[in-house]
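This is what each chain is made of:
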Amino acid sequence: MIRRWSILVSTACAIALGASNGVRAAEDLEVIHWWTSGGEAKALGLVKDKLQTQGVTWKDVPVAGGSGVQAMTVLRARIAAGNPPGAGQLLGFDIVDWSDQGMLADISSVAEKGGWGQALPKPLQAFAMQDGKWIAAPIDVHSTNWLWINKKLLDRVGGKEPATFDELIALFDKFKAAGITPLAHGGQPWQDGTVFENVLLSTGGPDFYRKAIIEQDPAALGSDTMKTVFERMSKLRTYFDPNFSGRDWNLATAMVIKGDAAAQVMGDWAKGEFVNAGMKPGQDFVCIRFPGTQGSVTFNSDMFAAFEAGKAQGDAAMQLAADVMDPDLQAKFNLIKGAVPARLDVPDTNFDACGKKGMKDLKEATEKGTLMGSLAHGYGAPAGIKQAFFDVVTQELNGQLTADAAPKALVDAVAGAK
Amino acid sequence: MSSKDVGMQPAGARAAPMGLPASPSRDDLVKQAPPGPGSGGVGWLQANMAKLVLSPSLAVTLVFVYGFIVWTVVLSFSTSRLLPIYKWAGLEQYARLWATPNWYVAIKNLGIYGGLYIAISLFLGLFIAILLDQRIRGEGGLRPIFLYPMAISFIVTGTAWKWFLNPGLGLDRVMHSWGWTSFTFDWLINPDMAIYTVVIAGVWQTSGFIMAMFLAGLRGIDNEVIKAAQIDGAPTLQIYWRIIIPQLRPVFLSALIILLHMAIKSYDLVIALTGGGPGNATELPSTFMYSYTFTRNAMGVGAASAVMMLMTIAAVIVPYLYSELRERRT
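Note that the structure is predicted; figures quoted are calculated from it, not measured.

**Thoughts on the overall build of chain A**
Of the regular secondary structure elements, chain A holds 19 helices and 15 strands. Counting the 418 residues in chain A, one finds 55% classified as buried. Nonlocal contacts in chain A, meaning residues at least 24 apart in sequence, comprise 76% of its contacts between residues at least 6 apart. By element, 54% of the accessible surface of chain A is carried by carbon and sulfur atoms, the whole surface being about 16,500 Å².

Next comes the structure, spelled out in structure tokens:
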């Protein structure tokens, strides 16, 4: 008798608990993502914890591999097999592609309740909203037009922060004369592409960037300005150390941290490496916009989407979308991740100098209409076209193509990928 | 991954056993099994044991090798980009494939890599096998040393050679620190020479295995013939050139088939060693196939390139199989 009573009591308790938590008592949400390294994983933990308190159990599907190439392969396989996860991390034109295939669930109800339309910059909405429906929730905004300089080395050669491309070259010449490798670079297509988009924006300005990268206008791609861009790429290559081929980005950052090299062109995730090495922004290292790109921001934003086919986990995925857009969570998340909040209405109180500058620049660029998607990180052009750009850029940078021939090759490659 | 595997499985699965020394056939094993009590059920089981044991692996092979080959062929005629779509596109994907400059780079690299890899592996394998066949002392210790690289995966080989050939870490630096400062060996980061570093690493990995095949072949040659030649006063070089090497013809053929399919399916070695770079200097059809299928959202083009690779292997394997089977029948 006692045992039966205890079962009854515990069942009643369970029902009561379930009721108090709404209907989400034992919901599971499978989330596919590629944030497996230290800071990223810790930042993601905040989202997990918040969901947990709301009664959603986070089932982790981590697929290691930068920029999510492997994760996308796994996702493809699972969707093809009819077993998609409930939600996942997506980037740029992948969101558009998945949405075109009808794979992403409509999260408009959450978005309207949260006032996303006012809080998010328009260029981000162009990805998060398809055909008038919200389908993705951005948690952060990274910008890719940063130059990171080792302050000690900068002071040693008596240099100042360069504001134009010519000043950058003058500074690099000073480093070279002092026997310091001026530019740390990793010869991987996406890193070559990151430098390329910076040089392009610096050379041609935001209007040229929009024409060449976002609209892929053949006239712009084959123009003399583009030839100048490639010539400048070849010029920058003379400031690399000889062993740059195939180097990972964080090893290039480590060269700047250790003082083996003076500067690196990289997105703001590089800040995490500096900070983890005990360096302070402004004091031990300098973060400036890539010379000539001041006033513009090329962005890369991490977004979460719910999968249509994972409907059984629907309510939990909606909760995830709401949490991701929570201002408080975005502030805490980005303090760890090193990016800036996707919402423009988050106060910058706790951020460091680089973070504050990033948030200010984001606001300004949004108002001026110079916030544009990064090519190298999938927000400038669809995957096939992005890779076509990479093909030409890496070939030119590695001396397989001349700067004269590169614009024509670019026109052909982009046309071939369309 | 499926379509990558499709291109290479049949050759890998089928070519390997052909060249190896014969193991006791399944019929022999069944015959050797001790006779059980003669009841009907057990008798049936005994009679059909081989078929029963083989049927799961046959089914698995049918689905996962031949089934996926068919799937890949279907995809190559579809408009698939991000996900498989079954909408007829005719030969459009093949037209796109043959209009892609990267594909020509990949084919040219396969020509250089495949040609040198096969030629050097065959030559080195035979040469070492002949040296080992001189009844030298310590052969039992030397053989595994040569064979050992084969036990390492291509990823490990690629990574090790990447470090070894990197001018800032490996050979170059050691030479410089020993005082030979004018020494340069920068093939790994030189777009014109990078493909040859893949050849070096590939040969290092495989030639020991080819050596083992030739050694087995050499041990199988009738000593009487060689002794007769020696009595007739034929010089050693002549004996090898005229008598022994011609008798190794079947081993040559098996080694060639194995090396050929390994060359065409080479993927992990390139990824670990150069990542296809610098630029696209070491792109191979296999890396091309993976990147177009999975990272460039051009699944149809990727499938078409996989079919082209399969056709290349089939062009070699099918005549070989045909001649093998015909010989066995007569």
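**Let's talk about the state of the cysteines**
All names here are of chain A. Taken as a whole and judged by the stated rule, the model has one disulfide over all chains. Disulfide pairing places C287 opposite C354 at an S-S distance of 2.1 Å. On the S-S bond that ties C287 to C354, the torsion sits near -105 degrees, and the link is left-handed. Here C354 lies in helix α17 (residues 353-368) and C287 lies in strand β11 (residues 285-289), a separation of 67 residues in the sequence. Of the residues examined, C287 reaches a relative accessible area of 12% and is grouped as buried. Overall, C354 belongs to the buried group, its relative accessible area being 3%.

**Quick word on the UniProt feature "transmembrane region" (unreviewed entry) in chain B**
When the UniProt feature table is mapped onto this chain, "transmembrane region" (unreviewed entry) is found at residues 58-78, 110-133, 145-165, 193-218, 239-264 and 298-322 of chain B. Between the first and last C-alpha atoms of residues 193-218 of chain B the distance is 36 Å; the span itself is 96% helix and 0% strand.

**Some details on the side chain of A:T194**
All names here are of chain A. Among the structural elements, T194 can be located in helix α10 (residues 189-214). Judged by its relative accessible area of 0%, T194 falls in the buried class. One polar contact links T194 to H377, side chain to side chain, over a distance of 3.4 Å. If sequence neighbours within four positions are ignored, T194 has contacts with T144, A376 and H377.

**Remarks on the sheet that holds strand β3 (residues 87-90) of chain A**
Residue and element names in this part refer to chain A. Spatial ordering of the open sheet is given by β2-β1-β3-β13-β6, a layout of five strands whose pairing is mixed. Strands at the two margins of the open sheet, each flanked by one partner only, are β2 (56-62) and β6 (137-138). Where helix α2 (residues 38-53) meets the sheet, its contacts fall on β1 (27-33), β2 and β13 (303-306), and the angle it forms with β2 comes to roughly 150 degrees.

**Notes on the interface of chain A and chain B**
Each partner contributes to the interface: chain A provides 24 residues, whereas chain B provides 23 residues. Both faces considered, chain A and chain B share a buried interface measuring about 2,000 Å² in area, 51% of it formed by carbon and sulfur atoms. Our count for the contact surface shared by chain A and chain B stands at one salt bridge. As a salt-bridge pair, B:R296 and A:D391 come within 2.9 Å of each other at their nearest N and O atoms. Going through the elements one at a time, α3 (69-80), α4 (92-100), α18 (383-397) and α19 (406-417) of chain A are the ones with two or more residues in the side of chain A that touches chain B. It is α18(A) that contributes the most residues to the side of chain A that touches chain B, seven residues altogether. Class assignment for the residues of the side of chain A that touches chain B results in eight nonpolar, 11 polar and five charged.

**Some words on the pattern of salt bridges**
Residues and elements named next belong to chain A. All chains considered together, the criterion is met by 20 salt bridges over all chains. A salt bridge links K160 to E167; the nearest nitrogen and oxygen atoms lie 3.1 Å apart. Overall, K160 belongs to the exposed group, its relative accessible area being 58%. The exposure class assigned to E167 is partly exposed, which follows from its relative accessible area of 31%. Linking K337 and D302 is a salt bridge whose minimum nitrogen-to-oxygen distance equals 3.2 Å. Within this pair, whereas K337 is found in helix α16 (residues 327-337), its partner D302 is found in the loop between β12 (297-300) and β13, the two being separated by 35 residues in sequence. Residue K337 is classed as buried on the basis of its relative accessible area, which comes to 10%. Take D302: its relative accessible area is 5%, and that puts it in the buried class.

**Brief notes about the packing of α10(A) against α18(A)**
All names here are of chain A. One way to put it is that α10 packs onto α18 with a least axis distance of 10 Å and a crossing angle of 110 degrees. On the basis of their axis angle, the class for α10 and α18 is roughly perpendicular. Crossing of α10 against α18: the hand is right-handed. Contacts from P189, W190, D192, G193, F196, A212 and I213 of α10 reach α18 at F389, F390, V393, T394 and L397. Of the residues in the contact of α10 with α18, the class split is nine nonpolar, two polar and one charged.

Calculation notes
- Residues numbered from 1 in each chain as written.
- Chains lettered and ligands numbered in written order.
- Predicted model: local features only at pLDDT ≥ 70, side-chain atom pairs only at ≥ 80, totals over all residues.
- Heavy atoms only, no water.
- Helix = DSSP H or I, 4+ residues; strand = E, 2+ residues; numbered from the N terminus.
- Buried < 20%, exposed > 50% of the residue type's maximum accessible area, 1.4 Å probe, protein only.
- Contact = heavy atoms within 4.5 Å.
- Areas by Shrake-Rupley, 256 points an atom, 1.4 Å probe, with all protein chains shown as cover.
- Disulfide = S-S within 2.5 Å.
- UniProt positions renumbered as here; feature names shortened; annotations may be inferred.
- Polar contact = N/O pair within 3.5 Å; in protein donor to acceptor, adjacent residues only side chain to side chain.
- Pairing = 2+ DSSP bridges.
- Axes fitted to C-alpha atoms, helices over the stretch in contact; angles between N-to-C directions.
- Buried area = accessible area lost by both parts, 1.4 Å probe.
- Salt bridge = Lys/Arg side-chain N within 4 Å of Asp/Glu carboxyl O.
- Nonpolar A, V, L, I, M, F, W, Y, C, P; charged D, E, K, R; others polar.
- Parallel < 35°, antiparallel > 145°, perpendicular 65-115°, else oblique.
- Left-handed = near helix turned anticlockwise from the far one by under 90°.

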